[in-house]
Amino acid sequence: MLDRVRLEKAATDAGFDVCQDATGGWMSFASTSSPLQISLTVTEAKPVAALSMGNVLTELSMPSPQSTALPVGTAGAFVVSHFSELQTALARAYELANALPTVLLETWHAQVKSLPATERDATVRQRVGQDLFRNGLLALWSGRCALTGLAVPELLRASHAKPWRVATDEERLDVYNGLLLTAHLDAAFDIGLIGFTADGKLRISPRLGTAELSVLGLNCAWAPINLRPQHVPYLDYHFDKVFIKA
């Protein structure tokens, strides 16, 4: 009984406010503000969470339980050692579920549709989309600059790799089409003075000299950023079309 109370508390504290059913030893939850559904149980005294969205599981990168039969409709599961870890992981899952493709695109379409007809011009649509995109990147990168690790949201910007003006709607609202960067790095990335390789290493345009690099605090010795395969096509586009090579 105590385990059930702890599981329910972890779920509700993380934003899963709809308790559904309890079958086969699993407790299931949904949310009125997230597309993600979760099922929770305890195996060998360790909390286990099964999720309905595989892309969220991939981003969490948490260990899988051993030989656990999962509920129907779930994409996979993770196991943690303590209930406090479960609540933290579920909160992160909730955050990611509202940011990963194609949730931002669907949210954007819904918000634009709800605007008065006089406000549905390209400028307003872009402003709404850019705000959603930034929120998505803040979620994906846990509120930290992808390169420096700076965790001051007011100093961070959402940088598109494939620019808004040439991207499709799906690309514009795809969190993998960009990086969360400090303001000066965002400006440099936006005009092609820096870029990133497929394995996350910093590229620096020859347009920047030693003096400029010193002022900006840039060098190629920075540790590679943590990229997903979904980032690569966008970064390839940025290198081909945006990055200044001479």
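Above this text is the structure in question.
If you're wondering where the values come from, they're calculated on a predicted model, not measured in any experiment.

Visitor: Give a detailed account of the overall build of the protein chain, specifying residues and quantitative values.
Guide: Summing up its helical and strand segments, the protein chain has 9 helices and 9 strands in all. Dimensions along the principal axes, computed over C-alpha positions, put the protein chain at roughly 65 × 50 × 30 Å. Within the protein chain, buried positions represent 46% of all 246 residues. Across the protein chain, contacts joining residues at least 24 apart in sequence account for 59% of those joining residues at least 6 apart. Carbon and sulfur atoms make up 54% of the accessible area of the protein chain, which amounts to about 12300 Å² in all. Charged side chains in the protein chain number 21 positive and 24 negative. The centres of these two groups are separated by 4 Å.

Visitor: Before we move on, can you summarise the side chain of Ser34 with the specific residues and values?
Guide: Of note, Ser34 is situated in strand S3 (residues 34-43). A residue is classified by how much of its surface remains accessible, and Ser34, at 10% relative accessible area, is buried. Each residue touching Ser34, except ones within four places of it in the same chain, is listed here: Tyr94, Ala97 and Asn98.

Visitor: How would you sum up helix H3 (residues 83-97)? Please name residues and give values.
Guide: End to end, H3 covers 21 Å across 15 residues, agreeing with the expected 21 Å (1.5 Å per residue, within 8%). Those residues of H3 lying buried are Phe83, Leu86, Ala89, Leu90, Arg92, Ala93, Leu96 and Ala97.

Visitor: Describe the sheet that holds strand S4 (residues 46-51), with residues and values.
Guide: Adjacent strands of a sheet form backbone hydrogen bonds with each other and so pair up, either parallel or antiparallel. With respect to topology, 5 strands assemble into an open sheet ordered S1-S2-S3-S4-S5, the strand pairing being antiparallel. Looking at the sheet topology across the chains shown, the edges are occupied by strand S1 (18-23) and strand S5 (76-79). Neighbour-to-neighbour, the strand axes of the sheet open up by a mean angle of 25 degrees, direction not taken into account. With 6 bridges joining them, S3 and S4 adopt antiparallel strand pairing. Following the sheet pairing, Ile38 is matched in S4 by Leu51.

Visitor: Describe the packing of aromatic side chains, and please don't skip the residues or the numbers.
Guide: Under the counting rule described, the total for this entry stands at 4 aromatic pairs. Ring geometry for Trp108 versus Trp164: centroids 5.7 Å apart, planes at 80 degrees, classification edge-to-face. Residue Trp108 is found in helix H4 (residues 103-114), and its partner Trp164 is found in the loop between strand S6 (156-160) and helix H6 (169-172); the two are separated by 56 residues along the sequence. Judged by relative accessible area, which is 9%, Trp164 ranks as buried. Between the NZ or CZ atom of Lys245 and the centre of the ring of Phe239, over which it lies, the distance is 4.6 Å.

Visitor: Outline the packing of helix H1 (residues 2-13) against H3, listing residues and values.
Guide: Taken N-terminus to C-terminus, the directions of H1 and H3 make an angle of 30 degrees; their axes are 8 Å apart at the nearest point. Judged by the angle between their axes, H1 and H3 are roughly parallel. Seen from above, H1 lies across H3 with right-handed handedness. Together, Asp3, Arg6, Leu7, Ala10, Ala11 and Asp13 of H1 and Phe83, Leu86, Gln87 and Leu90 of H3 make up the contact between the two elements. The class makeup of the residues in the contact of H1 with H3 is 6 nonpolar, 1 polar and 3 charged.

Visitor: Explain the packing of H4 against helix H5 (residues 122-140) residue by residue, including any values.
Guide: Here H4 crosses H5 at 150 degrees, and the two axes come no closer than 10 Å. The chirality of how H4 crosses H5 is right-handed. Touching Leu104, Thr107, Trp108, Gln111 and Val112 of H4 are Arg125, Val128, Gly129, Leu132, Phe133 and Gly136, all from H5. Its residues assigned to classes, the contact of H4 with H5 shows 6 nonpolar, 4 polar and 1 charged.

Analysis parameters
- Residues numbered from 1 in each chain as written.
- Predicted model: local features only at pLDDT ≥ 70, side-chain atom pairs only at ≥ 80, totals over all residues.
- Heavy atoms only, no water.
- Helix = DSSP H or I, 4+ residues; strand = E, 2+ residues; numbered from the N terminus.
- Buried < 20%, exposed > 50% of the residue type's maximum accessible area, 1.4 Å probe, protein only.
- Contact = heavy atoms within 4.5 Å.
- Areas by Shrake-Rupley, 256 points an atom, 1.4 Å probe, with all protein chains shown as cover.
- Lys, Arg positive; Asp, Glu negative; His and termini not counted.
- Charge placed at Lys NZ, Arg CZ, Asp CG, Glu CD.
- Expected span 1.5 Å × (residues − 1).
- Pairing = 2+ DSSP bridges.
- Axes fitted to C-alpha atoms, helices over the stretch in contact; angles between N-to-C directions.
- Phe/Tyr/Trp six-rings, centres within 6.5 Å; stacked < 30°, edge-to-face > 60°.
- Lys NZ or Arg CZ within 6 Å of the ring centre and 35° of its normal.
- Parallel < 35°, antiparallel > 145°, perpendicular 65-115°, else oblique.
- Left-handed = near helix turned anticlockwise from the far one by under 90°.
- Nonpolar A, V, L, I, M, F, W, Y, C, P; charged D, E, K, R; others polar.

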